[in-house]
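# Close look at the chain arrangement
Listed below, chain by chain, are the residues.
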Amino acid sequence: MTASPVALITGAAARIGAATATLLHENGYRIIIHYNNSVENANALANSLNNKREDSARILEANLMDSKAVSALADRSIAAWGQLDLLVNNASAFYPTPLETITEEQWQELFASNAMAPLLLARSTSDMLRQQQGCIINISDTHVRRGLKNHSIYIMAKSALEGMTRTMARDLAPEVRVNAIAPGAILWAENGNDLSHEMKAAIIDGISLKRMGEPLDIANAVLFLAGNASYITGQVLHVDGGR
Ligand SMILES: NC(=O)c1ccc[n+]([C@@H]2O[C@H](COP(=O)([O-])OP(=O)(O)OC[C@H]3O[C@@H](n4cnc5c(N)ncnc54)[C@H](OP(=O)(O)O)[C@@H]3O)[C@@H](O)[C@H]2O)c1
């Protein structure tokens, strides 16, 4: 019997990352739940997955702004079960950076989780992923194609992530497929940059399907790209309701 595949999902304690972890787990994956601050959520998710299947989920902490911690995260992920089949780069810092007040610290923070850590994790896991004929899936943002007002650094970092997707699809071929998913409006941001009711209504009005997506929509796309997409690499799949 072949061992069940192992997925490392960054920022997996809550929201889209947790939905992705849960769906992959339902489909037979063992899950490494990476978190930074959300230790309680990470533990609760791991406990619920382990209650369904013994020793099928572990948690690993790392601040993705610390490149040593990122390397250690890759090493500890591989060491967990001696195997890694899927890397989902989902963790992301997100906040506005109006041009007049941009700082170098914002650049460092937004690029760390959205671009640098995915690159370092890909580097540190590439041998194992090649051996397992695995996958990398990078979670981008549908706004990369058209820009997002007051978010230039975030969009630049996600653009770098999409560039990495296309380049790494070549670098790691033919063993490893590398794709990205570009979500549209799935969950409103939690970091206090709350939009007014009118602004939310205007966003939804601009979506062809006239509604928000759900975390499960992104999780389903991850499951598809990781599993039944054996001739797809270097692509960015927009899951945005036709925004
Ligand atoms: N939500 C949407 O509608 C939407 C739209 C477009 C694109 N996306 C993309 O989809 C992905 C998931 O979205 P989301 O809204 O679920 O994400 P989120 O809740 O905003 O962030 C996911 C996790 O990223 C982790 N993170 C942030 N900075 C970190 C750092 N320096 N080190 C380690 N972890 C860090 C946090 O972990 P801790 O909580 O453990 O600290 C956080 O829980 C992101 O890549 C996002 O850009 C989302």
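The rules behind the values
- Residues numbered from 1 in each chain as written.
- Predicted model: local features only at pLDDT ≥ 70, side-chain atom pairs only at ≥ 80, totals over all residues.
- Pairing = 2+ DSSP bridges.
- Helix = DSSP H or I, 4+ residues; strand = E, 2+ residues; numbered from the N terminus.
- Axes fitted to C-alpha atoms, helices over the stretch in contact; angles between N-to-C directions.
- Contact = placed C-beta atoms within 7 Å.
- Near = placed C-beta within 6 Å.
- Nonpolar A, V, L, I, M, F, W, Y, C, P; charged D, E, K, R; others polar.
- Core = buried A, V, L, I, M, F, W, Y, C linked by C-beta atoms within 7 Å.
- Buried ≥ 20, exposed ≤ 12 C-beta atoms within 10 Å, placed from the backbone.
- Expected span 1.5 Å × (residues − 1).
- Left-handed = near helix turned anticlockwise from the far one by under 90°.

### Details of the sheet that holds strand E3 (residues 57-61)
Here seven strands make up an open sheet; going across it, the order is E3-E2-E1-E4-E5-E6-E7 and the pairing parallel. For this open sheet the edge positions go to E3 and strand E7 (236-239), each flanked by a neighbour on one side alone. Between one strand axis and the next, the sheet turns through 20° on average, direction left out of account. In this structure, strand E1 (residues 6-9) lies alongside strand E2 (residues 30-35), joined through four bridges in parallel fashion. The partner of Ala-7 across the bridge, within E2, is Ile-31. Across the sheet, helix H5 (residues 152-171) touches strand E5 (135-139), strand E6 (177-183) and E7, and the angle it forms with E6 is around 155°.

### Some remarks on the site of the ligand
Close to the ligand lie 26 residues; Gly-11, Arg-15, Asn-36, Ser-92 and Ile-186 are nearest. Contributing elements (two or more residues each) for the shell around the ligand: helix H1 (15-26) and helix H4 (104-132). In terms of residues, the shell around the ligand owes the most to one element, H1, which gives three residues. Taken together, the residues of the shell around the ligand break down into 15 nonpolar, nine polar and two charged.

### Describing the nonpolar core
One broad trend across soluble globular proteins is that nonpolar side chains are buried collectively. One finds Ala-7, Ile-31, Ile-33, Leu-87, Ile-136 and Val-222 to be the most contacted residues of the largest nonpolar core, which totals 66 residues. The greatest single-element share of this core, amounting to nine residues, is contributed by H4. With residues near it in sequence (within four places) discarded, Leu-87 still touches Leu-8, Leu-121, Ala-122, Thr-125, Leu-129 and Ile-136.

### Here we look at H5
Residue pairs spaced three or four apart in an α-helix point in one direction, given the helix's 3.6 residues per turn. Here H5 is 20 residues long and its end C-alpha atoms lie 28 Å apart, about the 28 Å a rise of 1.5 Å per residue gives. For H5, the set of buried residues is Ile-153, Tyr-154, Ile-155, Ala-157, Lys-158, Leu-161, Met-164, Thr-165 and Met-168. The secondary structure elements touched by the buried residues of H5 are H4, E5, E6 and E7.

### Section: the packing of helix H3 (residues 67-81) against H4
Between H3 and H4, whose axes approach to 9 Å, the crossing angle comes to 30°. Judged by the twist between their axes, the crossing of H3 over H4 is right-handed. Of the residues in H4, those touching H3 at Ser-67, Val-70, Ser-71, Ala-74, Asp-75 and Ile-78 are Ala-117, Leu-120, Leu-121, Ser-124, Thr-125 and Met-128. A class-by-class count of the residues in the contact of H3 with H4 yields seven nonpolar, four polar and one charged.

### Some details on the environment of Thr-233
Within the secondary structure layout, Thr-233 lies in the loop between helix H7 (215-227) and E7. Spatially, the C-alpha atoms of Thr-233 and Arg-166 are 8.0 Å apart, while their sequence positions differ by 67 residues. The contacts of Thr-233, once residues within four sequence positions are left out, are Ala-169, Ala-173, Arg-177, Val-178 and Asn-179.

### Some words on unusual backbone geometry
Across the junction of Ala-173 and Pro-174, the peptide omega takes the value 5°, indicating a cis bond. When you line up the elements, Pro-174 lands in the loop between H5 and E6. You will see that Asp-55, though not glycine, has its phi angle at about 45°, which is positive. Structurally, Asp-55 can be placed in the loop between helix H2 (39-52) and E3. Here Asp-55 falls in the exposed class, since 10 other C-beta atoms lie within 10 Å of it. One non-glycine residue with positive phi stands out, namely Gln-133, at about 55°. With respect to the secondary-structure elements, Gln-133 resides in the loop between H4 and E5.

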